[in-house]
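Next come the chains, spelled out residue by residue.
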Amino acid sequence: MTFETLGLSPALLRALSQEGYTEPTPVQREAIPLVLAGHDLLAGAQTGTGKTAAFSLPLLHRLYPDGKRPPDAKRFRALVLTPTRELAAQVHDSIRAYGRFCGVSSTVVFGGVGMGPQIDALRRGVDILVATPGRLIDHLERRGVDLGHVEALVLDEADRMLDMGFLPQLKRILAVLPKQRRQTLLFSATFSDPIKDLARQFMREPVEVQVARRNSAATAIEHRVHPVDSARKKDLLLHLLAADSRRQTLVFSRTKHGADKLVKHLVQFGVRAAAIHGNKSQGARTRALGDFKTGAITVLVATDIAARGIDIDQLPLVINHDLPMVAEDYVHRIGRTGRNGSDGQAVSLVSHDETGLLRDIQRLLGREIPLEPVAGYEPSSPLQLSCAAGNARPVQKPQQRGQRPAGRGGQPAGRPAHAKPGHGSGKPSHGKGKPGASRGAHGGGRPRLTDDGRPGRRDAGAASAPKPMTWGR
Ligand code: AMP
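A brief report on the enclosed structure follows. (Residues numbered from 1 in each chain as written. Predicted model: local features only at pLDDT ≥ 70, side-chain atom pairs only at ≥ 80, totals over all residues. Heavy atoms only, no water.)

**Things to note about the overall build of the protein**
When helices and strands are tallied, the protein shows 15 helices and 14 strands. Here the protein holds 473 residues, and 56% of them are scored as buried. Of the contacts formed within the protein by residues at least 6 apart in sequence, a portion of 79% connects residues at least 24 apart. Carbon and sulfur atoms make up 50% of the accessible area of the protein, which amounts to about 19500 Å² in all. (Helix = DSSP H or I, 4+ residues; strand = E, 2+ residues; numbered from the N terminus. Buried < 20%, exposed > 50% of the residue type's maximum accessible area, 1.4 Å probe, protein only. Contact = heavy atoms within 4.5 Å. Areas by Shrake-Rupley, 256 points an atom, 1.4 Å probe, with all protein chains shown as cover.)

**Focus: the pairing of strand E4 (residues 128-131)**
Neither face of E4 is left uncovered, since the one carrying Ile128 and Val130 and the one carrying Leu129 and Ala131 both have all their residues buried. In terms of strand pairing, strand E2 (residues 78-81) meets E4 through four bridges, oriented parallel. When the sheet's bridge partners are listed, Ala78 is paired in E4 with Ile128. As defined by bridge partners, strand E3 (residues 106-109) adjoins E4 across four bridges and the pair is classed as parallel. Each bridged residue has a counterpart across the sheet, and for Ser106 the counterpart in E4 is Ile128. Of the crossover connections in this fold, the one passing from E3 over helix H5 (residues 116-124) to the parallel E4 is right-handed. (Pairing = 2+ DSSP bridges. Right-handed = clockwise from strand over helix to strand, strands pointing away.)

**Concerning the environment of Ala275**
Assignment of secondary structure puts Ala275 in strand E10 (residues 273-276). For Ala275, a relative accessible area of 6% gives the class buried. Separated by 25 residues in the primary sequence, Ala275 and Leu300 have C-alpha atoms spaced 5.8 Å apart. Apart from residues lying up to four places away in sequence, Ala275 is in contact with Ala259, Asp260, Val263, Lys280, Ala288 and Val301.

**Concerning the side chain of Ser56**
The topology assignment puts Ser56 in helix H3 (residues 51-63). With near-sequence residues (within four places) excluded, Ser56 lies in contact with Ile95 and Tyr98.

**Thoughts on the pattern of salt bridges**
With the rule as written, the count across this model stands at 22 salt bridges. Notably, a salt bridge pairs Arg224 with Glu372, separated by 2.7 Å at the nearest N-O pair. You can see Arg224 sitting in strand E8 (residues 220-227) and its partner Glu372 sitting in the loop between helix H15 (355-365) and strand E14 (469-472), a full 148 residues away along the chain. Both residues of the pair, Arg224 and Glu372, belong to the buried class. Across the salt bridge formed by Lys280 and Asp260, the nearest N and O atoms sit 3.6 Å from each other. Placement of the pair is Lys280 in the loop between E10 and helix H12 (282-294) and Asp260 in helix H11 (residues 256-268), with a sequence separation of 20 residues. For Lys280, a relative accessible area of 27% corresponds to the partly exposed category. Salt bridges here are not isolated pairs; linked through shared partners, they connect Lys51, Asp156, Glu157 and Arg160. (Salt bridge = Lys/Arg side-chain N within 4 Å of Asp/Glu carboxyl O.)

**Here's the deal with the sheet that holds E2**
Spatial ordering of the open sheet is given by E3-E4-E2-E5-E6-E1-E7, a layout of seven strands whose pairing is parallel. Unpaired on one side and paired on the other, E3 and strand E7 (207-210) mark the two borders of the sheet. Sheet twist, expressed as the average angle between the axes of neighbouring strands with direction ignored, equals 15°. One ladder, built from four bridges, connects strand E1 (residues 41-44) with strand E6 (residues 183-188); its direction is parallel. Paired with Gly44 across the strands is Ser188, a residue of E6. Across the sheet, H3 touches E2, E4, strand E5 (152-155) and E6, and the angle it forms with E6 is around 165°. (Axes fitted to C-alpha atoms, helices over the stretch in contact; angles between N-to-C directions.)

What follows is the structure, encoded as structure tokens:
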């Protein structure tokens, strides 16, 4: 199947060929005909599947028949809601790219930046509005936008919007949209009960489509868990990063404060790193993401919420410095690696206080991830993980489709933990300028960076580590 056979307008086909898209992804193949036919759509697909084009292309086709804007068309005919500013900006960029030969008129509004330019853009009016719920409510309260002519509503990453507590805002927005003749498209990684409730309340006989991730057959994620004392996590992280200092790595921290502290530590040791989280200004977030994409920084430390929906292609490595509090977030986190058909690694540093969280993750995945201590960073006592994954309650996750059996292909290349620490001293081998003050200067709370008298270092590869688990998506 091609984009031509899907019946998209020549203006869109031209833009797609400029984008270098040769054929539709599975979600595009399934969703585009349904949206063109006017159905409401409940789509199980997440970032990386090509979902943005799956809703944008048929919407653009409908808004701009024959590749141009009908002269008598009203303003604000399509509204796209996303959970985060980054995703809103990204979706808006895609809509502008796909619609560039249709004379698309669109704007994006999100919080964290001044209202002024947004007020002006809304006053002028556009056909497609992309927004985060909170900022859109601000504009609605100021009567700065009239959504009375919206023909199509997209709820992108609906599960995340609900996770982030946006349900009241969504309901307020839905209350001002036309009820009749409105087409609603809901995209979500999971179909939890609250999502189904939302669909029942606000959609008309939605057609459901479920897709595996893009290039699922060719993509494999290798999961590794390194048990470690929490005080030594930062050092282990440096050690892992040192294995390939040019590799782009997304590191997850549970808290904003933790993310900042981690970046400070990494930068001290010569790692080019920046943090992205909700307390950062929009400018700082955009800059950090841009620097990461261009390679100006190699490590991006993110909180779960900030990382949602970020599209970063072919990220080889995701490291969970902390496990997420909610097991589902693990699945979202690892969705950042192994994309576009390339294999990826998801590495988690797990301390004693996180064994319960690890068990939750194993339960959710329905399988065990073996513990692999890294030589020189072994925890002071073994982690207790009594709950076998075999007893796990089965959980249906859309992204589990197309799984391969564990252990495919044996030991993959590029294991992260093999670089020997500098001069056998246990120092992370990043950066030359290790500050002398770092050793004990801050008392017992500070992780020790030099040899702590543990048994002699071995290459982690020499340890009889269990085989990592690998599966396709
Ligand atoms: P999304 O899931 O919408 O975040 O898209 C993930 C990535 O896939 C983006 O970088 C898109 O530009 C890209 N993409 C979407 N559809 C296609 C396609 N049909 N062919 C190639 N790349 C695509």
